[in-house]
Amino acid sequence: MLQELRKNTTMQKLNCYFYPYSARLRQKEVNPYTQMLMDVLESDFTILNKTRPSDKGIFDLMAYIKKTHFIFVNWIEELPDKKLGWIQSVVWMILVKLRKALGFKVVWVMHNKQSHDPGNRWLKGILYRFMVRNSDLIFTHSTEGVRHANRICSRSGGPKVFFHHPVLRRHKETAGRHTAYDMVIWGKMAPYKGIIEFLEYLNKRPDLQGRYKILIAGKFTSDDYFNEVNQLAYPNLTLINSFIDDNRLSDLILQSKIVLFTYNQESVLSSGALMTSLEFPAMILGPHSAAFADAANEGIIETYQDFDELFSKADQMLSDPMYLESVMHKQDAFARENSWTETGRLINQHIRELFSQKNQ
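To keep things clear, this report deals only with the structure shown in the data block. (Residues numbered from 1 in each chain as written. Predicted model: local features only at pLDDT ≥ 70, side-chain atom pairs only at ≥ 80, totals over all residues. Heavy atoms only, no water.)

1. Regarding unusual backbone geometry
At step 1: A cis amide bond links Tyr19 to the next residue, Pro20, at an omega of 0°.
At step 2: Considering the arrangement of structural elements, one finds Pro20 in the loop between strand 1 (15-19) and helix 2 (32-42).
At step 3: Unusually for a residue other than glycine, Trp75 sits at a positive phi of about 50°.
At step 4: For Trp75, the position within the fold is in the loop between strand 3 (70-74) and helix 3 (85-97).
At step 5: Of note, the phi angle at Leu84 is positive, near 55°, even though the residue is not glycine. (Helix = DSSP H or I, 4+ residues; strand = E, 2+ residues; numbered from the N terminus.)

Below is the structure:
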C-alpha cells in the first residue's frame with residue numbers, strides 16, 4: 001500500500017487516524033489544542049475518525065488500520081491509565097512494530113518528559129522510550145524536548161522537530177487591569193503545577209505573605225489535593241476550586257498584575273496555559289525550563305531559577321511602569337508568527353516531507 005501511495009501522493013489526500021479523540025468527554029472538557037490540531041491537519045489530510053469519537057481507546061484504530069497512512073498521537077504515554085490500559089499499551093506497541101508491513105507511519109507530539117500522573121510509572125516509562133525510538137516523526141513544543149529525546153535515543157527514531165505551542169488569538173482588552181491581585185496562578189490544579197511547594201515557601205516567609213495578594217484559580221484534580229493546598233492558605237491568598245471558562249479567565253488575568261507559573265521541572269516540556277495566557281496583554285513569570293525558557297529567549301516572559309529569584313523578578317516587573325507596554329509588542333509579534341494557521345502549515349509540511357522521502 002505504501003509504495004502505491006507514493007506514486008499517487010499528488011493525486012490523493014493522505015488518511016490520518018487521530019488519537020486521542022474520546023467520546024467520553026463532555027464538551028467543556030474537550031482540549032482546545034486537540035480540536036485546533038485536528039482542524040489544521042484536516043486542511044491537508046483526511047482525518048478518518050473526525051466524525052466518530054470513540055470510547056474504545058486504541059482498539060478503535062482497528063476499524064481504520066487498512067485505510068490509515070499515518071497515525072497522529074498525543075499523550076500516548078498515558079495509555080496505561082486507561083481502561084484495559086496494559087492490554088491497550090501492548091497492542092499499540094505491536095501495531096507500531098508492524099507499521100511498515102501494515103503501511104502506516106507514526107507521528108507523535110511529545111508534550112512532556114514523563115507522565116504527570118505517578119500511576120503505572122514503569123509501563124509508562126517503557127512506552128515513552130518506545131515512542132522516542134519508534135516514531136517516524138516527533139514534534140515537541142520546546143527545545144528541551146529535542147534534547148530530551150536525543151538523550152534517550154539519538155541513533156534511531158524519526159526527525160525531532162521543535163515549534164512553539166501555537167497561540168490561538170491575541171486580545172487587546174486592558175480595562176480593569178491591576179485592580180485585585182498581584183499574581184494569579186490558573187489552570188487545572190495538579191501536583192506537577194508546584195502549588196504546594198510554592199505555598200510551603202510562602203509559609204516560611206510571612207513578610208511576603210503581607211506584600212502580595214495572590215489568586216489560585218482552577219479545578220483541583222482531587223478533594224485531597226485541594227485540602228492539602230487549603231491547609232497552607234493565609235489571609236492574602238484566594239483559592240477558587242472550580243473550572244475557569246474563557247470569560248472568567250479573561251476577567252481574572254485582566255485583574256492581575258502578573259500571571260505566575262510554579263511548575264515542577266521534572267516532567268513539563270510545554271504548557272498550553274502559558275500560551276493561553278499569551279493571548280492577553282499580560283506580564284508572565286515562570287520557571288526557567290522547557291517552553292518557559294524558550295519564551296523567555298523570545299523576550300515575551302520572565303523566568304526564575306528558584307522562589308527567591310521569583311520574587312526578585314516579580315519586584316522588578318511590578319516596579320517598572322513601562323514593562324507591560326514594552327513586552328506587549330513582542331507578544332503581539334510572537335502571536336502572529338506562532339498562530340495556528342502558521343503552525344499548521346509547518347506541521348503539514350513536515351508530514352508531507354515524511355512521505356516524500358525515498359526508501360521509507
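2. A short note on the packing of helix 7 (residues 195-203) against helix 9 (residues 223-230)
At step 1: Two elements in contact, helix 7 and helix 9, have axes separated by 10 Å at closest approach and are oriented at 15°. Considered as vectors, helix 7 and helix 9 are oriented roughly parallel to each other. Of the two possible hands of crossing, helix 7 and helix 9 adopt the one that is left-handed. From helix 7, Ile195, Ile196 and Leu199 reach across to helix 9, where they touch Tyr225, Glu228 and Val229.
At step 2: Of the residues assigned to the contact of helix 7 with helix 9, the class counts are five nonpolar, no polar and one charged. (Axes fitted to C-alpha atoms, helices over the stretch in contact; angles between N-to-C directions. Parallel < 35°, antiparallel > 145°, perpendicular 65-115°, else oblique. Left-handed = near helix turned anticlockwise from the far one by under 90°. Contact = heavy atoms within 4.5 Å. Nonpolar A, V, L, I, M, F, W, Y, C, P; charged D, E, K, R; others polar.)

3. Points about the sheet that holds strand 11 (residues 283-287)
At step 1: One open sheet accounts for six strands, arranged 9-8-7-10-11-12; its pairing is parallel. Pairing within the sheet leaves two strands with one partner each, and these edge strands are strand 9 (237-240) and strand 12 (302-304). Taken pair by pair, the neighbouring strands of this sheet meet at an average axis angle of 25°, ignoring direction.
At step 2: Here strand 7 (residues 181-186) pairs with strand 8 (residues 214-217) via four bridges, running parallel. Residue pairing across strands places Trp186 opposite Ala217, the latter belonging to strand 8.
At step 3: Its contacts with the sheet put helix 7 on strand 7, strand 8, strand 9 and strand 10 (256-260), and the angle it makes with strand 8 is roughly 160°.
At step 4: Set on the sheet, helix 10 (residues 246-254) makes contact with strand 7, strand 8, strand 9 and strand 10; between it and strand 10 the angle comes to about 110°. (Pairing = 2+ DSSP bridges.)

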